[in-house]
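Now for the letters of each chain:
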Amino acid sequence: MEIRGSVKETLKRCGLGPREREPSILFLGKSLAAFMAIAPIIEQLLQRDQRLSVYLCASDAAVRRDLAARFPRACLVPFPFGVTATLFLSRYKVRALVAVENAALLSPALMKARTRRATPLALISGRGAARVNMAEGSLQEPEIALVGEAFSQSKACTDERFHMFFFAQNEFSEEQRDEVVALLKPLIGRDRKWSERRDQKLGRWIGQKFFLLLETEIWAQRLKGRIERINDLDALSKKLSHPATILCLGNGPSSEDPRLTRLSYDALFRANHAWAARGFLTQPDVVFTGVKASMRKIKGAILGVLDTNTEKVLLMTRGLNALFGDKLSYFVIDKIKGSTHEMDWRGHRPTSGAIMLKAAVQLKPERLIIAGIDMFQHPSGSYPGDNTTANAYAPAHTYDKELGFILHCLEKFDGEIIIIGDVLSQEWERFLLNKAEA
């Protein structure tokens, strides 16, 4: 048993534990007391209604055992081996690192790995500024320091990098807890820009080369038979045979509503690829995605991506395959010419489903049919046939911002709108009523 446990711990240190499905946040600390001082924050992040995994990392096996007993829903991991730090962050899908009290706990290899992957670093302490080690350095400096200080221990802190939270009796209030979580979540959901990443150097070099070639007219024409970037709405509409009715399917439970089989349409738009194995409306004309797994999976459909950053990821993922295998046709929502109105993203990172709706509106069909945009509010759960995924947005998105963006899109549409799915249908009716009364 000890040998088996030792092997298991070694595999975890190498980043070879079970591959993580959801984005995760990784807390690294030394003592049980340091973790317990921020227990309310960890517990809040561990709530079941969140699309987020929480990893707790400590070098001492006894500390990990105590943490496992205290936080049974958290994933406990030892500190990674230096040479496997990048694999460790990738395998566990770490989107934010949080040093508990001491930023110097992160090894040079782990710091370099997080820099290559543009993974943000925060520092947190529930036992006051006196215990904080910022470990200043070009790689080690955290972006944000969240420090809780008990009234009985509080002293003036002039370091502007600290977000201070003063509490009584060594316990965060609910309001303070929520404020700390609200500061951490944007780090987890951050869009890591192409220019910030330093990992996958060969792949990024390939993606950048294809992008530069497609930016020149002569090479864009030469590559068109294998890699085609559709640059204006008229060309996209022509490839779709100028659809009068577009059916837009998100991935919520209403995307398999039986009523859809009785509706006719000229073009089918879908998002990502979770639907591919479901056997229902699996021949889309256009698929919208920002996920590499979907970019690899989807063949035969035009791909729609949000911006230049995602375009380069697509070319990195599919460029070489397109030269020698399946042709790649795609367009970039943020760059396509011929839009009749500009879309203000309002600081929001829209989902693939929201991007799909924007593109459909811009094509100006006579009718839009929308289903599967249930915004993680459907009583049947997050996705059709899925009883395990939390019925909630991932940290990169929020209900309010997503809804505001979708309503802003639909407001620009002059044709007929048919919405299948009570959540969006009711929100749209409420929006129209408020607009009429204003």
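These numbers were taken from a predicted model, which means no experiment stands behind them.

1. Looking at helix α8 (residues 201–214)
Given 3.6 residues per turn, any residue in an α-helix points the same way as the ones three and four places further on. For α8, which comprises 14 residues, the first-to-last C-alpha distance of 20 Å matches the rise-based estimate of 20 Å (1.5 Å per residue) to within 8%. Regarding α8, the residues found buried are Gly-203, Arg-204, Ile-206, Gly-207, Phe-210, Phe-211 and Leu-214. Along the axis of α8, the buried residues cluster in a sector spanning 160 degrees; they form a single face. Along α8, exposed side chains directed more than 90 degrees from the buried face belong to Lys-201, Leu-202 and Trp-205. For α8, the secondary structure elements touched by its buried residues are α9 (217–223), β8 (227–229), α12 (308–324) and β13 (328–332).

2. Here we look at a positive patch on the surface
A surface patch of positive charge is lined by Lys-112, Arg-116, Arg-198 and Lys-201. Structurally, the position occupied by Arg-198 is in the loop between α7 (174–188) and α8. Overall, Arg-198 belongs to the partly exposed group, its relative accessible area being 44%.

3. Some remarks on the nonpolar core
The biggest cluster of nonpolar side chains holds 40 residues, and the ones touching the most others in it are Phe-269, Phe-288 and Phe-331. Secondary structure elements with two or more residues in this core: α10 (233–239), β9 (245–249), β10 (267–271), β11 (286–288), α13 (352–362), β14 (367–371), α14 (399–411) and α15 (422–437). Counting residues per element, this core draws most heavily on α13, which supplies seven residues. Apart from residues no more than four positions distant in its own chain, Phe-288 is found in contact with Phe-269, Arg-270, Ala-271, Asn-272, Gly-304, Phe-331, Ile-333, Ser-352, Ile-355, Met-356 and Ala-359. Among the nonpolar cores identified, the runner-up in size contains 35 residues, and Ala-34, Leu-67, Leu-76 and Val-98 belong to it.

4. Focus on helix α6 (residues 108–116)
Within α6, the full set of buried residues consists of Leu-110, Met-111, Ala-113 and Arg-114. With its buried residues spanning 160 degrees around the axis, α6 presents them on a single face. Buried positions along α6 lie against β1 (24–28), α5 (85–91), β4 (94–100) and β5 (121–125). One or two residues past the end of α6 sits Ala-118, with phi positive at roughly 55 degrees.

5. Thoughts on the pattern of salt bridges
This model, assessed by the stated rule, comprises 15 salt bridges. The residue Glu-143 makes a salt bridge to Arg-190 at a minimum N-O spacing of 2.7 Å. Of this pair, Glu-143 sits in the loop between β5 and β6 (144–150) while Arg-190 sits in the loop between α7 and α8; the two residues are 47 residues apart in sequence, bridging distant segments of the chain. When its relative accessible area of 44% is taken as the criterion, Glu-143 is described as partly exposed. On the basis of relative accessibility, which here comes to 29%, the residue Arg-190 falls in the partly exposed class. Of the charged contacts, one joins Lys-435 and Glu-411 as a salt bridge, the two residues approaching to 3.3 Å between their closest N and O atoms. Placement of Lys-435 in helix α15 and of Glu-411 in helix α14 is noted, with a sequence separation of 24 residues between them. Note on Glu-411: relative accessible area 33%, which makes it partly exposed.

6. Concerning the pairing of β1
Among the five residues in β1, five count as buried, and that is most of the element. Of the two faces of β1, both are covered, the one formed by Ser-24, Leu-26 and Leu-28 as well as the one formed by Ile-25 and Phe-27. Of the strand pairs in this sheet, β1 and strand β2 (residues 53–57) are connected by five bridges, and their pairing is parallel. Looking at β2, one finds that Leu-28 is bridged to Cys-57. Here β1 pairs with β4 via five bridges, running parallel. The residue bridging Phe-27 from the neighbouring strand is Val-98, located in β4.

7. A look at the side chain of Arg-64
Its place among the elements puts Arg-64 in helix α4 (residues 61–70). Once residues within four sequence positions are removed from consideration, Arg-64 is found in contact with Glu-9, Ala-58, Ser-59, Leu-76, Val-77 and Pro-78.

8. Some details on unusual backbone geometry
Although it is not a glycine, Ala-118 adopts a positive phi angle of roughly 55 degrees. Structurally, Ala-118 can be placed in the loop between α6 and β5. Given the relative accessible area of 14%, Ala-118 is considered buried. One non-glycine residue, Ser-241, lies in positive phi territory at about 60 degrees. By secondary structure assignment, the location of Ser-241 is in the loop between α10 and β9.

9. Notes on the packing of α13 against α14
Contact geometry of α13 with α14 gives a least axis separation of 9 Å together with a crossing angle of 10 degrees. By the angle between their directions, the pair α13 and α14 is classed as roughly parallel. Between α13, through Ala-354, Ile-355, Leu-357, Lys-358 and Val-361, and α14, the contact on the second element is made entirely by Glu-402, Phe-405, Ile-406 and Cys-409.

10. With respect to the pairing of β10
Counting buried positions along β10 gives five out of five residues, so the element sits mostly inside the fold. In β10, alternate side chains face the same way, and those of Ala-267, Phe-269 and Ala-271 on one face and Leu-268 and Arg-270 on the other are all buried. Note: β10 against β11, three bridges, orientation parallel. Its bridge partner being in β11, Ala-271 is matched across the sheet by Phe-288.

11. Here's the deal with the confidence of the model for the protein chain
Per-residue confidence for the protein chain gives a mean pLDDT of 88; residues scoring 70 or more make up 93%. Taking the mean pLDDT of every element in the protein chain, the minimum, 68, falls on helix α1 (residues 2–13) and the maximum, 98, on β9.

12. Section: the sheet that holds β11
Taken together, the eight strands give an open sheet; going across it, the order is β8-β13-β12-β11-β10-β9-β14-β15, and neighbouring strands pair in parallel fashion. The open sheet is flanked by β8 and β15 (416–420), the only strands paired with a single partner. Here the average twist between neighbouring strands, direction ignored, is 20 degrees. Strand contacts of α13: β9, β10, β11, β13 and β14, with the helix running at about 155 degrees to β10, the strand carrying the most contacts.

About the cut-offs
In every chain, residue numbers begin from 1 and rise along the written sequence. Local features in this predicted model are restricted to residues whose pLDDT is 70 or higher, and side-chain atom pairs enter the listing and the counts only when it is 80 or higher, whereas totals over whole chains, interfaces and linings include all residues. Note that the side-chain values use all heavy atoms of the structure and ignore hydrogens as well as water. Each helix is a run of DSSP H or I of at least 4 residues and each strand a run of E of at least 2, with the numbering of both proceeding from the N terminus. Take the number of residues in a helix, subtract one, and multiply by 1.5 Å to get its expected span. Categorising residues by exposure relies on relative accessible area from a 1.4 Å probe, with only protein chains included: less than 20% of the type maximum marks a residue as buried, more than 50% marks it as exposed, and the intermediate range marks it as partly exposed. The arc in question is formed by the directions pointing from the helix axis toward the C-beta atoms. By definition, residues are in contact when any of their heavy atoms lie within 4.5 Å. The patch calculation keeps residues exceeding 30% relative accessible area without a salt bridge and links them within 9 Å when they carry like charges or within 5 Å when they are nonpolar (Val, Leu, Ile, Met, Phe, Trp, Tyr). Areas reported here follow the Shrake-Rupley algorithm with a probe of radius 1.4 Å; residue values treat only the protein chains shown as occluding. Any carboxyl oxygen of Asp or Glu that lies within 4 Å of a side-chain nitrogen of Lys or Arg is treated as forming a salt bridge with it. Lys and Arg are tallied as positive, Asp and Glu as negative. Neither His nor the chain termini are counted. All charge positions are set by atom: Lys at NZ, Arg at CZ, Asp at CG, Glu at CD. To form a nonpolar core, buried Ala, Val, Leu, Ile, Met, Phe, Trp, Tyr and Cys residues must be joined to one another through side-chain atoms within 4.5 Å. Criterion used throughout: strands pair if DSSP finds at least two bridges between them. Axes, fitted as lines to C-alpha atoms, cover a helix only where it is in contact. Angles between the N-to-C directions of the axes lie from 0 to 180 degrees. Angles below 35 degrees are treated as roughly parallel, those above 145 as roughly antiparallel, those between 65 and 115 as roughly perpendicular, and all remaining angles as oblique. Confidence of the predictor at the level of single residues is given by pLDDT, which spans 0 to 100.

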